[in-house]
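Structure assessment
Each chain is listed here by its residues.
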Amino acid sequence: MLQKKVSKWSTFLIEAGEHILPFPVSKYLFGSFSGREREESKETAMGHGSSKSPDHDGGGDGPRCSRTARFRQRLRRIVHQSSSHSTAAHFKLLSADDFAGIALLTLISAEMKFKDKWLACVSVGEQTFRTDVSDHTDKPVWNSEKKFLLESKGPHVARVSVYETNVLSKSNLVGYCDINVLEFLTQDHNTDSEVVDILDPTFLDRVVGKLVVSCSVEDPIETQKRFARRILSIVDYNEDGKLSLSEFSNLVDAFGNRLAEEKKEALFKEADKNEDGVVSIDELAVLLALHQEKEPLVSCCPVCGEVLDVSDWLSNVIHMTLCFDEGTGNQVMTGGFLTDKQASYGWIFKLSEWAHFSSYRIGLHSGSNAAHILVYERSTGRLVEEIIDGKIILSMRAIYQSKLGLQLMNKGAKELLQEISEKQGKKMNSTESAEEIPKFIELFKDQIDISEVRYPLGSFKTFNDFFIRELKPGVRPIACSEFDHVAVCAADCRLTAFKSVEDSVRFWIKGRKFSIQGLLGNAVSSDPYIDGTLVIFRLAPQDYHRFHFPVSGRIEQIVEIPGCLYTVNPIAVNSKYCNVFTENKRVVSIISATHFGKVAIVAIGATMVGSITFTKKEGDYVRKGDEFGYFSFGGSTVLAVFEKDTIKLDEDFVENSSRSLETLVRVGMQLGVSTKIQL
């Protein structure tokens with residue numbers, strides 16, 4: 001991504017001026033200057049170097065390529081200046097309302113319960129960073145930091161995961177903690193650092209260690225001033241702290257702004273109070289910040305080349321400041337990861353992943369062509385990885401992503417899946433299956449919170465007893481429980497939501513024969529749902545497997561439809577050769593709701609699902625959040641189909657789904673609001 005963005009330089013740095021340093025682009029990206037190079041750069045700045053020197057151009061594109069490369073090299077030098085000259089002010093927030101700025105999170109050290117080599121990963125939003133691996137100790141010291149954009153309306157929960165490392169394979173997750181950075185910064189602290197508990201990933205009421213962290217934010221006003229000083233110093237070729245008109249003109253051109261010469265001259269003279277032809281950087285920095293609000297000068301980031309939103313100066317400054325990040329002298333965390341698991345892998349495991357042609361990407365490719373399914377966790381705003389055995393992934397790809405695989409399904413494999421599912425259901429109902437419970441919990445140890453389970457583990461006599469476990473009262477609060485015009489999520493699941501069936505086919509369901517008529521069958525009238533809103537609640541094996549009502553109303557109809565037992569994994573749903581939702585075994589229920597009209601709830605069976613059990617019946621009046629039923633062992637899915645224009649879905653669901661990205665939600669979270677509210 002960085003290299004792709006850097007290529008945009010050539011579009012707006014061509015006319016940046018003759019005094020920019022002629023050094024190779026590779027040094028801008030990866031290298032640093034030697035003392036000799038600095039001396040050569042000064043000579044070139046004074047006009048003693050050739051802009052066409054083959055030793056420095058690195059290509060045959062002539063003077064234009066040289067100017068671009070030289071400006072990049074000058075920029076590289078500024079970025080890597082010593083942080084001791086930084087004038088940034090870090091402070092605690094007084095209020096988190098409408099805040100946007102740069103947060104600095106530092107993982108200082110930890111105290112664990114046994115000795116090992118440790119690393120920590122920090123996930124914020126859709127990016128993850130990792131520390132270096134510590135020495136073999138029970139008191140690892142990292143002193144590792146990372147700056148990131150912090151907004152009150154954006155991701156602000158940092159998940160810190162601590163791993164004991166394994167060079168040859170997957171590292172083992174020992175514990176984690178969630179730090180709400182906004183809350184952390186608004187609280188009073190006696191010291192610059194704080195100690196937080198590292199929790200067991202399975203039993204969140206158990207503490208497995210202590211983590212020492214510090215966090216601060218830059219004063220947004222100081223960020224603007226510091227940025228202006230730094231960016232202006234790029235064209236201060238003789239480094240005397242003053243700029244000439246030609247130097248300032250070159251800088252404005254480099255920002256991608258082609259102001260008329262008279263406008264640039266007028267702006268420069270506004271700062272040149274004594275009319276001596278030069279102004280100090282400080283004077284010009286203040287002028288630039290003030291003028292940006294009136295008539296934006298910066299339209300492109302001079303580091304990555306990204307086109308900026310000229311209406312949001314502060315966000316632009318934050319973006320460019322992070323691009324220029326020079327740190328504070330501590331170890332900077334390694335970035336470029338999407339999830340903490342990806343960041344924690346040992347090199348041998350990474351090699352095996354590569355050999356299986358897997359990759360970390362958001363969207364349909366992650367579901368259909370890779371061994372990693374990434375979902376967006378709504379509660380924290382970060383990406384998490386769904387755990388699936390690699391051999392199973394390869395098998396599903398072979399079956400569901402090819403014509404040959406589906407031909408085999410049509411020649412008896414469907415019956416085989418049915419037989420396997422029935423046998424597996426019987427096995428999971430045997431007393432011997434209870435021995436599998438601890439192994440299952442260990443496999444999904446950071447995705448199953450045992451402290452939420454209503455009954456102790458020893459009370460489950462079979463694996464299925466555990467699989468259909470109930471939760472403690474109150475652990476799944478229902479959003480706006482007193483207001484029936486607010487719909488809620490029906491399951492702990494990975495959710496996709498589409499304003500229309502057409503959108504669902506475009507972004508997610510790739511089966512060629514999918515239709516509302518096919519989904520609901522012949523016993524239910526599909527006319528009210530044509531062009532309606534579709535919500536898919538996909539339950540993975542590790543999820544709480546009881547499903548609930550998304551709306552309040554009366555159950556008018558429950559219809560069983562026989563069918564196959566394809567997997568409901570995205571690998572099958574995203575396949576153009578398979579029609580999971582219209583061919584699988586399913587039960588269609590119609591709920592008559594005052595605020596949403598008739599809502600169709602479709603419970604779909606899948607591979608390894610022994611049965612679908614309902615705890616309500618036709619004629620019952622139900623409240624949103626009430627339990628409707630449960631799936632026995634296996635992954636499964638619930639669909640909700642709303643009549644056209646009866647619900648306004650929450651925007652984050654729509655946005656994520658348009659990226660083919662599932663959202664990880666819990667029962668009771670808000671789904672959307674009725675468009676015909678009756679109070």
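Just so we're clear, the structure is a prediction, and the values are computed from it rather than from any experiment. (Residues numbered from 1 in each chain as written. Predicted model: local features only at pLDDT ≥ 70, side-chain atom pairs only at ≥ 80, totals over all residues. Heavy atoms only, no water.)

1. Examining the overall build of the protein chain
The following threshold applies: Helix and strand assignments come from DSSP, with helices taken as H or I runs of at least 4 residues and strands as E runs of at least 2, each series counted from the N terminus. Burial classes follow relative accessibility: with a 1.4 Å probe on protein chains only, a residue under 20% of its type's maximum area counts as buried, one over 50% as exposed, and anything between as partly exposed. Pairs of residues are marked as contacts when any of their non-hydrogen atoms sit within 4.5 Å.
Helix and strand counts for the protein chain come out as 23 helices and 30 strands. A buried classification covers 55% of the 679 residues belonging to the protein chain. If you take every contact in the protein chain between residues at least 6 apart in sequence, the share linking residues at least 24 apart comes to 73%.

2. Some thoughts on the sheet that holds strand 17 (residues 486–488)
Strands in a sheet are paired, the pairing made by backbone hydrogen bonds, and the direction either parallel or antiparallel. Formally: For two strands to count as paired, DSSP must find a minimum of two bridges between them. Fitting a line to C-alpha atoms yields each axis, with helices limited to the stretch in contact; the angle taken between N-to-C directions then spans 0 to 180 degrees.
Overall, antiparallel pairing links the three strands, which are arranged 17-30-28 in an open sheet. Here the strands that pair on one side only, and so sit at the sheet edges, are strand 17 and strand 28 (647–649). Mean inter-strand twist for the sheet, computed between neighbouring axes without regard to direction, equals 30°. For strand 17 and strand 30 (residues 670–674), the ladder comprises three bridges, and the chain directions are antiparallel. By the bridge assignment for strand 30, Val486 is matched with Val673.

3. Observations regarding helix 23 (residues 651–658)
Of the residues making up helix 23, those classed as buried are Phe653, Val654, Asn656 and Ser657. A positive backbone phi angle near 55° is found at Ser660, which sits one or two residues after helix 23.

4. What to know about the pattern of salt bridges
Test applied: For this analysis, a salt bridge means a side-chain nitrogen from Lys or Arg found within 4 Å of a carboxyl oxygen belonging to Asp or Glu.
According to the stated counting rule, one finds 22 salt bridges in the structure shown. The salt bridge involving Arg454 is made with Glu470; its shortest N-O contact spans 3.3 Å. One end of the pair, Arg454, is in the loop between helix 17 (436–443) and helix 18 (463–467); the other, Glu470, is in the loop between helix 18 and strand 17, and 16 residues separate them in sequence. Shared partners join several salt bridges into a network, and the residues in it are Glu386, Arg494, Arg538, Asp543 and Glu662.

5. Re the pairing of strand 29 (residues 662–665)
Here strand 29 shows two buried faces, one formed by Glu662 and Leu664 and the other by Thr663 and Val665. Relative to strand 29, strand 15 (residues 373–377) is paired through three bridges, and the arrangement is parallel. Looking at the pairing, Glu377 lines up with Leu664 of strand 29. Where strand 18 (residues 493–498) meets strand 29, three bridges bridge the pair, whose relative direction is antiparallel. Each residue of the ladder has a partner; that of Arg494, found in strand 29, is Leu664.

6. Some thoughts on unusual backbone geometry
Although it is not a glycine, Asn143 sits at a positive phi angle of roughly 45°. The class of Asn143 is partly exposed, set by a relative accessible area of 33%. A positive phi is found at Cys480, a non-glycine position, where the angle reads about 45°. Along the chain, Cys480 turns up in the loop between helix 18 and strand 17.

7. Let's talk about the confidence of the model for the protein chain
Keep in mind that low pLDDT regions are not for reading the predicted coordinates in detail. For clarity, the threshold we go by: The predictor's confidence in any single residue is recorded as pLDDT, a number from 0 to 100.
Of the residues in the protein chain, 64% reach a pLDDT of 70 or more, and the chain-wide mean stands at 75. Contacts for the low-pLDDT stretch residues 348–358, under 50 throughout, to residues beyond four places or in other chains number 16 contacts. Low pLDDT, under 50, characterises residues 365–370; the predicted model gives this stretch 19 contacts beyond four residues in sequence or across chains.

8. As for the environment of Ser144
Examined against the element boundaries, Ser144 turns out to sit in strand 6 (residues 141–151). A relative accessible area of 1% means that Ser144 is categorised as buried. Sequence spacing of Ser144 and Thr334 is 190 residues, and the spatial spacing of their C-alpha atoms is 9.4 Å. Residue contacts for Ser144: discarding those within four places in its chain leaves Leu105, Thr106, Leu107, Thr131, Gln331, Val332 and Met333.

9. Re the nonpolar core
Keep this limit in mind: Buried residues of nine kinds, namely Ala, Val, Leu, Ile, Met, Phe, Trp, Tyr and Cys, make up a nonpolar core once their side-chain atoms join them within 4.5 Å.
Of all hydrophobic cores here, the largest spans 34 residues; its most connected members are Leu495, Val535, Phe537, Phe642 and Leu671. Elements with a minimum of two residues in this core: strand 18, strand 19 (533–539), strand 22 (586–593), strand 23 (597–604), strand 26 (627–631), strand 27 (636–642), strand 28 and helix 23. With residues up to four places along the chain from it excluded, the contact list for Leu495 reads Cys489, Val535, Ile536, Phe537, Phe653, Leu661, Glu662, Thr663, Val665 and Leu671. Listed in part, the 31 residues of the second largest apolar core include Val122, Phe129, Val181 and Val196.

10. Some details on the sheet that holds strand 25 (residues 621–622)
Across the sheet, which stays open at both edges, the ten strands sit in the order 16-15-29-18-19-27-23-22-21-25 with mixed pairing between neighbours. Either end of the sheet is taken by a strand with one partner, and the two such strands are strand 16 (382–386) and strand 25. Here strand 21 (residues 553–561) pairs with strand 25 via two bridges, running antiparallel. If you follow Gly553 over to strand 25, its bridge partner there is Val622. Its contacts with the sheet place helix 23 against strand 15, strand 18 and strand 29, and it is angled at close to 90° to strand 18.

11. Observations concerning helix 17
What counts here: When we speak of the arc, we mean the arc of directions from the helix axis to the C-beta atoms.
Turning to helix 17, its buried residues number three or more, namely Ile437, Phe440 and Ile441. When helix 17 is viewed along its axis, its buried side chains cluster within an angular range of 100° and face the same direction. Exposed and facing more than 90 degrees away from the buried side of helix 17 are Pro438 and Lys439. Looking at the buried residues of helix 17, the elements they touch are helix 18.

12. With respect to the pairing of strand 7 (residues 157–164)
Of all eight residues making up strand 7, eight are buried, and the element is well covered by its neighbours. The alternating pattern of strand 7 places Val157, Arg159, Ser161 and Tyr163 and Ala158, Val160, Val162 and Glu164 on opposite faces, both of which are buried. Inspection of the sheet shows strand 3 (residues 116–124) paired to strand 7 by six bridges, in the antiparallel sense. Each bridged residue has a counterpart across the sheet, and for Cys121 the counterpart in strand 7 is Ser161. Where strand 7 and strand 8 (residues 172–180) come together, eight bridges link them in antiparallel fashion. Of the residues in strand 8, the one forming a bridge with Val157 is Asn180.

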